[in-house]
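Next come the chains, spelled out residue by residue.
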Protein chains: 2
Amino acid sequence: MATKPGIPKGTRDFSPAEMAKRNYIFDTIREVFYTFGFQPIETPAMENFSTLMGKYGEEGDKLLFKILNSGDCLNNIKDDELLERNALKFAAKVCEKGLRYDLTVPFARYVVAHRDELSFPFKRFQIQPVWRADRPQKGRYREFYQCDADVVGSDSLLNEVDLVQMIDAVYLKFGIRVSIKMNNRKILTGIAEIIGQADKIVDITVAIDKLDKIGLDNVNAELAEKGIPAKAIETLQPIIQLSGDNRSKLATLRTVLATSEIGLKGVDEMEFVLNSLEHLDIKNEVEVDLTLARGLNYYTGTIFEVKALDVQIGSISGGGRYDNLTGIFGMPGVSGVGISFGADRIYDVLNQLDLYPKSAARGTQVMFVNFGAAEAAYCLPLVAKLRAAGIASELYPDSVKMKKQMSFANDHAIPYVVMVGESEMQSGQLSVKNMVTGEQGAMTIEELVALVAKA
Amino acid sequence: MATKPGIPKGTRDFSPAEMAKRNYIFDTIREVFYTFGFQPIETPAMENFSTLMGKYGEEGDKLLFKILNSGDCLNNIKDDELLERNALKFAAKVCEKGLRYDLTVPFARYVVAHRDELSFPFKRFQIQPVWRADRPQKGRYREFYQCDADVVGSDSLLNEVDLVQMIDAVYLKFGIRVSIKMNNRKILTGIAEIIGQADKIVDITVAIDKLDKIGLDNVNAELAEKGIPAKAIETLQPIIQLSGDNRSKLATLRTVLATSEIGLKGVDEMEFVLNSLEHLDIKNEVEVDLTLARGLNYYTGTIFEVKALDVQIGSISGGGRYDNLTGIFGMPGVSGVGISFGADRIYDVLNQLDLYPKSAARGTQVMFVNFGAAEAAYCLPLVAKLRAAGIASELYPDSVKMKKQMSFANDHAIPYVVMVGESEMQSGQLSVKNMVTGEQGAMTIEELVALVAKA
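Quantities reported herein were computed from a predicted structural model and do not represent experimental measurements. (Residues numbered from 1 in each chain as written. Chains lettered and ligands numbered in written order. Predicted model: local features only at pLDDT ≥ 70, side-chain atom pairs only at ≥ 80, totals over all residues. Heavy atoms only, no water.)

Broken down by element type, chain A carries 18 helices and 16 strands. Here chain A has a C-alpha radius of gyration of 29 Å; the compact-globule value for 455 residues is 23 Å, and the former is much larger. Along the longest, intermediate and shortest principal axes, the C-alpha atoms of chain A span 95 × 65 × 45 Å. Expressed as a percentage of its 455 residues, the buried residues of chain A come to 57%. Looking at chain A as shown, the accessible area adds up to about 19,200 Å², and 49% of this sits on carbon and sulfur atoms. If the 52 positive side-chain charges of chain A are averaged to one point and the 60 negative ones to another, these points end up 4 Å apart. (Helix = DSSP H or I, 4+ residues; strand = E, 2+ residues; numbered from the N terminus. Rg over C-alpha atoms; globule rule 2.2 N^0.38 Å. Buried < 20%, exposed > 50% of the residue type's maximum accessible area, 1.4 Å probe, protein only. Areas by Shrake-Rupley, 256 points an atom, 1.4 Å probe, with all protein chains shown as cover. Lys, Arg positive; Asp, Glu negative; His and termini not counted. Charge placed at Lys NZ, Arg CZ, Asp CG, Glu CD.)

See the structure below:
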């Protein structure tokens, strides 16, 4: 036989067993999204090049999957341009479309395109695959799902409060203990302001993040190495060593940032969210963490990140507030705040902690053994009765050896196998084997329906 | 403001209202698939070019969306090949991947790639988008979903019986009255055999299909025009005028096809399926229809097509048996039979017949008006209580004019609006307005939970 046909690197097939787990993840997140008043939308896999290009930085442009124009794809390019062999310029000539790279830019495009139909604040969620021509590696794929929820058209911090509750609700349902880390871009801007080093924010957060690993002296040395003056490093000390509970962290920040208007605004915002959460029944810890700097150029207020407590893995959710989502498409002044759940990492965490509920698998509940044409004909209406009651059931389609049929039932973890031979056809009493306990008994089809419906 | 950003032609955005309807369709079909023992798989949007090319005919190759190789896409092509400007040859050099064109070829690829893990018969369903660079027109899109269920690795006609029951179950759930049309490729082959015109099968079925419209004489004239000899046309008469119930149609066919072994085999197969169905409680009509010739080169046995009875539209489901699905990937001898539900056409039919159930919409059930900071803080734990009870609820995030908040509730068809001002905060009795009846009353949060949960 020929070699097995492959799939593009970085992509995956999902088997029924994997699908059951993935659907459990998507269904759980989706249910919580609905409960919080979010509504689903979907956008096309392909977007116009003009929508995507320049939105993810230079590196992102390279990682876009580009779709060759159909028909005569070369009619738009001259001979000398062909011979120039500049891959990016060439792509721009022969490709008008690309695969979506994330759900945020298509969402921004959606909001602008449909602004006349929307009633703001618009709370949407979107669960769809995205594609990136990244180098594939463990846990990094070229096709993967994102699960995003965003509110646009409202500046209220109550949206942030909602998102924290939503994160808490999702991970409670999964049974994953997490730390919900929170930062605020305005605080980072304030820090940069008071030390007069606006461009060093990333260096500072990266260095602070290493405190536990390399110790204070080494952090300070690294800051000096990055060109931050000694006086500024001194001012930073209370921030680098920021500790205690959230309240004492905020108190310290308020002191250090006393001269920065924007910094204090950030502290106020954090305080509002934390105060609001205190009256709510949040089960997971919420922690002020200044090292969060994800998407610095993108977020303008609150920044979220979620870490699993019992598994070593990167952040499993992240998000924040951005004040000008739709500005890139010519619609300024629309603020948004959102959160994205990382389905692939959640999948790994649930696997490692063995947290999938049994009900996640949705396999066949009852299989009828096929003993031949007459018996099969007798069984068909019985199978139909089970199905009409919503019970996943099947008659083995071929009248092959009993052993093969039973091993099919085993492979598929089918809990009940029904055997109908001549005596059962006469009595109407089916022989039912419980594949888990091994018990076997006789019962009518009505009794079987009741038994399985109850299980 | 700039012009609204567009999307590639032939693609669509789906709004929350459209998503609710589409999800209702997918959920309904998915539930029935599960009940019949089918299990989900998913395959990547991108497949290797070698997997796709040559599987859909010359026209299909042209309609594949091709993905430009990432990195230096031109390193595999010489100058003279560039200047040759042959679009298809060029694409083969700079593209290694394409978007899937249907779910059948990826499924065949999946079965071959995973054959060692699979336990046959393998019953899979797959609900995913496919992409075709077809000229877009009303009801024809470049991105659309297919909903396929197939059984592979079993020759048993009981699978066909199952599929007819499944079609019946799906359309019963939708409330769409349909005619399930059935043909058999072996009968068509038999017909060609007895008149000695193997290559004229399509011409014959096309002509027969026009009987109602153009009358017998014109059908016969068309057949003659297509080069079918007078004697053969005479032999065809009982087939062209085939009428009556399924039993009498089969009896006629048995007579006409008496000398064709394969033709009689086809009649036997049809008879088995129809006989089996007679003992089952099928609500929609099943009709033998020789004009079904879909995918002639593809199907080898039963052919299905489903027509809506109350709406003028093309077939809304179709499928059949193919004896060599995986042969194209070097794994011969695996027979399969399947059915595909056309989600976009079902969408149109449900719309036209106004058959969407109210429960298909999954909007917010309860909105709290935001009267200011203190009131909002008071409301947060109440909203959380509703959500904990699984009731989709939200507090309007901004403390804006009452009118704006009420019109938000109206736009989103939110059935209950809660108003909590100073007196409600003191009494703990919430003012609840039923937006459908206009009634307003006072109740505790527990009473509200009970009220909405019951509704």
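Our next topic: the interface of chain A and chain B. Counting residues at the interface gives 105 residues for chain A, matched by 106 residues for chain B. Buried area between chain A and chain B, summed over both chains or domains, comes out near 8,900 Å², and the portion from carbon and sulfur atoms is 59%. The three residues of chain A that bury the most area against chain B are Arg 85, Arg 362 and Arg 387 of chain A, which together make up 8% of that side's buried surface. At the junction of chain A with chain B, the criterion picks out 12 salt bridges. Counting across the interface, chain A meets chain B through 38 residue pairs in polar contact (both at pLDDT 80 or more). Considering each element in turn, the side of chain A that touches chain B owes the most residues, 6 residues, to helix H1 (residues 16–35) of chain A. Within the side of chain A that touches chain B, the residues separate by chemical class into 53 nonpolar, 27 polar and 25 charged. (Contact = heavy atoms within 4.5 Å. Buried area = accessible area lost by both parts, 1.4 Å probe. Salt bridge = Lys/Arg side-chain N within 4 Å of Asp/Glu carboxyl O. Polar contact = N/O pair within 3.5 Å; in protein donor to acceptor, adjacent residues only side chain to side chain. Nonpolar A, V, L, I, M, F, W, Y, C, P; charged D, E, K, R; others polar.)

Applying the stated rule across the entire model yields 58 salt bridges over all chains. When the shortest N-O distance is used, the salt bridge between Arg 109 of chain A and Asp 13 of chain B registers 2.7 Å. Here Asp 13 of chain B lies in the segment before helix H1 (16–35) and Arg 109 of chain A lies in helix H6 (residues 104–113), a pairing that spans two chains. Residue classification places Asp 13 of chain B among the buried positions, given a relative accessible area of 11%. Glu 269 of chain A is the partner of Lys 265 of chain A in a salt bridge, and the nearest nitrogen-oxygen pair spans 3.2 Å. Of the two residues, Lys 265 of chain A and Glu 269 of chain A are both situated in helix H13 (residues 261–278); the distance of 4 residues between them amounts to about one turn of the helix. Among the charged side chains, a network of salt bridges with common partners joins Lys 123 and Asp 162 of chain A together with Arg 387 and Glu 394 of chain B.

Right, let's get into empty space enclosed by the protein. What the rule picks out here adds up to 3 cavities of 30 Å³ or more. By volume, the largest cavity is sized at about 90 Å³. Lining the largest cavity are Leu 380, Val 383, Arg 387, Glu 394, Leu 395 and Pro 397 of chain A together with Lys 123, Leu 158, Asn 159, Asp 162 and Gln 165 of chain B. Elements supplying a minimum of two residues to the lining of the largest cavity: helix H15 (373–388) and strand S13 (393–395) of chain A together with helix H7 (158–174) of chain B. (1 Å grid on protein atoms, 1.4 Å probe; cavity = no way out; pocket = protein on both sides within 12 Å on 5 of 7 lines; lining within 4 Å. Points joined across faces, edges and corners; volume = space filled by probe spheres on them.)

Here we take up the nonpolar core. Judged by nonpolar contacts, the single largest core of 98 residues is most densely connected at Phe 368 and Leu 448 of chain A together with Tyr 171 of chain B. At 10 residues, the largest contribution of residues to this core is made by H7 of chain B. Beyond its immediate chain neighbours, meaning those up to four positions away, Leu 448 of chain A contacts Val 366, Phe 368, Leu 386, Val 418, Leu 430, Val 432 and Met 443 of chain A. Counting 97 residues, the second largest nonpolar core, distinct from the first, contains Val 151, Leu 290 and Ile 316 of chain A together with Val 449 of chain B. (Core = buried A, V, L, I, M, F, W, Y, C linked by side-chain atoms within 4.5 Å.)

This next bit is on the relation of the copies chain A and chain B. For the pair chain A and chain B, the relating rotation is 180°, the translation along its axis is 0.0 Å, and the fit reaches an RMSD of 0.1 Å. These values place the two chain copies in the arrangement generated by a two-fold rotation axis. Residues of chain A ranked by C-alpha distance from the rotation axis are headed by Ile 67 of chain A, positioned 2.3 Å from it. A symmetric contact is evident, with 100% of the interface residues of chain A recurring at the interface of chain B. (Least-squares fit on C-alpha atoms with pLDDT ≥ 70 in both.)

Turning our eyes to something else, we now look at unusual backbone geometry. Here the bond from Phe 120 of chain A into Pro 121 of chain A is cis, since omega is -5°, no more than 30 degrees from zero. With respect to the helices and strands, the residue Pro 121 of chain A is situated in the loop between H6 and strand S5 (122–131). At Asp 354 of chain A, a residue that is not glycine, the phi angle is positive and equals roughly 55°. Secondary-structure assignment places Asp 354 of chain A in the loop between helix H14 (343–352) and strand S12 (366–368). Under the relative-accessibility criterion, Asp 354 of chain A is labelled exposed at 66%. The phi torsion at Arg 85 of chain B lies on the positive side, around 55°, for a residue other than glycine. Within the element layout of this structure, Arg 85 of chain B appears in the loop between helix H4 (79–84) and helix H5 (87–94). Judged by relative accessible area, which is 29%, Arg 85 of chain B ranks as partly exposed.

With that settled, the discussion passes to the environment of Ala 392 of chain B. Within the secondary structure, Ala 392 of chain B sits in the loop between helix H15 (373–388) and strand S13 (393–395). In this view, Ala 392 of chain B contacts Tyr 34 and Thr 35 of chain A together with Gly 363, Thr 364, Gln 365 and Val 366 of chain B; residues no more than four positions away in its chain are not counted.

Once that is clear, we can look at helix H6 (residues 104–113) of chain B. Among the 10 residues that make up H6 of chain B, 10 are buried, leaving the element largely enclosed by the rest of the structure. Three or more residues of H6 of chain B are buried, namely Thr 104, Val 105, Pro 106, Phe 107, Ala 108, Arg 109, Tyr 110, Val 111, Val 112 and Ala 113 of chain B. On its buried face, H6 of chain B sits against H1 of chain A together with strand S2 (46–48), helix H2 (49–52), strand S5 (122–131) and strand S6 (143–152) of chain B.

Here we take up the packing of aromatic side chains. Scanning the model with the defined rule gives 29 aromatic pairs over all chains in all. Look at Tyr 34 of chain A and Phe 125 of chain A: their rings are 5.2 Å apart centre to centre, the planes differ by 85°, and that puts the pair in the edge-to-face class. Taken as a pair, Tyr 34 of chain A in helix H1 and Phe 125 of chain A in strand S5 lie far apart in primary sequence, 91 residues in all. For Tyr 34 of chain A, a relative accessible area of 7% gives the class buried. Cation over ring: Arg 362 of chain A sits above Tyr 34 of chain B, and NZ or CZ is 4.0 Å from the ring centre. The ring of Phe 38 of chain B carries the charged tip of Lys 123 of chain B above its face, separated from the ring centre by 5.0 Å. (Phe/Tyr/Trp six-rings, centres within 6.5 Å; stacked < 30°, edge-to-face > 60°. Lys NZ or Arg CZ within 6 Å of the ring centre and 35° of its normal.)

Residue and element names in this part refer to chain A. Read across the open sheet, the 5 strands follow the order S13-S12-S14-S15-S16; overall the sheet is mixed. The open sheet has two edge strands, S13 and strand S16 (440–443), and neither has a second partner. Neighbour to neighbour, the strand axes of the sheet diverge by 25° on average, direction disregarded. Judged from the 3 bridges that link them, S12 and strand S14 (residues 416–419) form a sheet pairing that is parallel. (Pairing = 2+ DSSP bridges. Axes fitted to C-alpha atoms, helices over the stretch in contact; angles between N-to-C directions.)

Next up on the list: the sheet that holds strand S1 (residues 39–40) of chain B. Residue and element names in this part refer to chain B. Spatial strand order, S1-S5-S6-S11-S10-S9-S7-S8: 8 strands in an open sheet with mixed pairing. Two strands lie at the open edges of the sheet, namely S1 and strand S8 (285–288), each paired on one side alone. Bridge count between strand S9 (residues 302–308) and strand S10 (residues 317–322): 4 bridges; the pairing is antiparallel. Counted as the bridge partner of Val 306 is Ser 317 from S10. Running at roughly 5° to S6, H1 makes contact with S1, S5, S6 and strand S11 (336–341) of the sheet.

The residue Arg 362 of chain B is located in the loop between helix H14 (343–352) and strand S12 (366–368) in this model. Here Arg 362 of chain B falls in the partly exposed class, since its relative accessible area comes to 35%. The sequence separation of Arg 362 of chain B and His 114 of chain B amounts to 248 residues, and the corresponding C-alpha distance is 38 Å. Discounting chain neighbours no more than four positions away, the residues touching Arg 362 of chain B are Glu 31, Tyr 34 and Gln 39 of chain A. Side chain to side chain, Arg 362 of chain B and Glu 31 of chain A meet in a polar contact 2.9 Å long.

Let's shift gears to the packing of helix H9 (residues 201–209) of chain B against helix H10 (residues 211–225) of chain B. Contact pair H9 of chain B / H10 of chain B: the axes reach a minimum separation of 7 Å and the direction vectors enclose 145°. Residues Asp 203, Ile 204, Val 206, Ala 207, Ile 208 and Asp 209 of chain B of H9 of chain B form the contact with H10 of chain B, whose participating residues are Leu 211, Val 219, Glu 222 and Leu 223 of chain B.

So, on to the environment of Arg 321 of chain A. Residues and elements named next belong to chain A. On the secondary structure map, Arg 321 appears in strand S10 (residues 317–322). Using a relative accessible area of 4% as the deciding quantity, one classes Arg 321 as buried. Along the backbone, Arg 321 and Asn 184 are 137 residues apart, and their C-alpha atoms lie at a distance of 8.9 Å. Polar side-chain contacts of Arg 321 include one of 3.0 Å to the backbone oxygen of Ser 154.

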